[in-house]
Amino acid sequence: LALFESGLFEQAIPVLEEGLKISPGNEIVTMYLSVTRARQQVIPRIDEMKRWAKDHPKDVKIRTVLVEALVFSRRFDEADQYVQEVFALKPSDFNSYMLAATMFGAAGKAEKAIEVLKKSLEVREDPAAYLGLAGNYMRLGDFERGAAAYRKVFELKPDTPDVMVLFGIELMNRGKRREALDTFKKSL
């Protein structure tokens, strides 16, 4: 997984294959092996995708795919250029923003993920965007903004017991035991 997360797909594949030999049919190893192979196939096409993006300046989808591929390969500065181009095009597709935010969040770029999630909220107010904000704010240690984002998730979608448990854990870890208990009770 360290090789996978580092974008070292060529090195990760044999290790994951060995994992499947040790634990045949393991769903998690199978999933990571599948994703690793898919990413391995996308990375060599980055230059081709860049040319397509240059020739098609209003194509949001190619820019979104490029952001994903560049983040997978840990080329964050290059990815940022295409995120800015997506912003400039002001797509009405909420998922374009969410994909970019997810990629930045997974890459440990919480500030960038927050920026993208805020832009997504200009397209539509959605509990998934607030959940992304909550997680990224918490990663940055900004409990107040993270808590406000969690509360917004509950306002928009009150039937989210798993999210309530996540928030309850955050509360508990910060010594807010009474509020954590109340949140855990609501999750039931």
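Residues numbered from 1 in each chain as written. Predicted model: local features only at pLDDT ≥ 70, side-chain atom pairs only at ≥ 80, totals over all residues. Heavy atoms only, no water.

Chemist: Before we go on, may I ask you to explain helix α11 (residues 161-173) in this structure?
Modeler: Given 3.6 residues per turn, any residue in an α-helix points the same way as the ones three and four places further on. End to end, α11 covers 18 Å across 13 residues, agreeing with the expected 18 Å (1.5 Å per residue, within 8%). Just past α11, the residue G175 takes up positive phi, approximately 80 degrees. (Helix = DSSP H or I, 4+ residues; strand = E, 2+ residues; numbered from the N terminus. Expected span 1.5 Å × (residues − 1).)

Chemist: Sorry if this is basic, but what is going on with the layout of surface pockets here?
Modeler: Rolled over the atoms, a probe sized like a water molecule indicates the empty space that remains. In this model, the largest pocket occupies a volume close to 160 Å³. Considering the residues around the largest pocket, the lining is formed by 13 residues, among which A101, T102, G132, N136 and R139 are closest to the centre. Broken down by secondary-structure element, the contributors of at least two residues to the lining of the largest pocket are α7 (94-106), α8 (110-123) and α9 (127-139). It is α9 that provides the largest number of residues to the lining of the largest pocket, a total of 6 residues. Among the residues forming the lining of the largest pocket, the class breakdown is 7 nonpolar, 5 polar and 1 charged. (1 Å grid on protein atoms, 1.4 Å probe; cavity = no way out; pocket = protein on both sides within 12 Å on 5 of 7 lines; lining within 4 Å. Points joined across faces, edges and corners; volume = space filled by probe spheres on them. Nonpolar A, V, L, I, M, F, W, Y, C, P; charged D, E, K, R; others polar.)

Chemist: Is there a simple way to think about the pattern of salt bridges in this case?
Modeler: Close approach of charged atoms lets side chains of opposite charge pair. Across all of its chains, the model carries 16 salt bridges by this definition. In this structure, R45 and E48 form a salt bridge, with 3.6 Å as the shortest nitrogen-oxygen distance. The exposure class of R45 is partly exposed, given its relative accessible area of 41%. For E48, a relative accessible area of 41% puts it in the partly exposed group. Notably, a salt bridge pairs R151 with E179, separated by 2.4 Å at the nearest N-O pair. Taken together, the residues R151 in helix α10 (residues 143-156) and E179 in helix α12 (residues 177-187) connect sequence positions 28 residues apart. For E179, a relative accessible area of 30% gives the class partly exposed. Among the ionic contacts, a cluster of salt bridges with common partners joins K50, R75 and E78. (Salt bridge = Lys/Arg side-chain N within 4 Å of Asp/Glu carboxyl O. Buried < 20%, exposed > 50% of the residue type's maximum accessible area, 1.4 Å probe, protein only.)

Chemist: In this structure, what is going on with the packing of aromatic side chains? I would like to understand it.
Modeler: Working definition: an aromatic ring pair is given by the centre-to-centre distance plus the angle between the planes. All chains considered together, the criterion is met by 6 aromatic pairs. Each ring, one from F4 and one from F9, has its centre 6.1 Å from the other, and the planes form 65 degrees; the classification is edge-to-face. An identical accessibility class is assigned to F4 and F9; each is buried. Among the aromatic residues, ring-to-ring pairing joins F4, F9 and Y32 into one connected group. One Lys or Arg, K119, reaches over the ring of F87 and ends 5.3 Å from the middle of that ring. Note that R124 overlies the ring of F94, its terminal NZ or CZ placed 4.1 Å from the centroid. (Phe/Tyr/Trp six-rings, centres within 6.5 Å; stacked < 30°, edge-to-face > 60°. Lys NZ or Arg CZ within 6 Å of the ring centre and 35° of its normal.)

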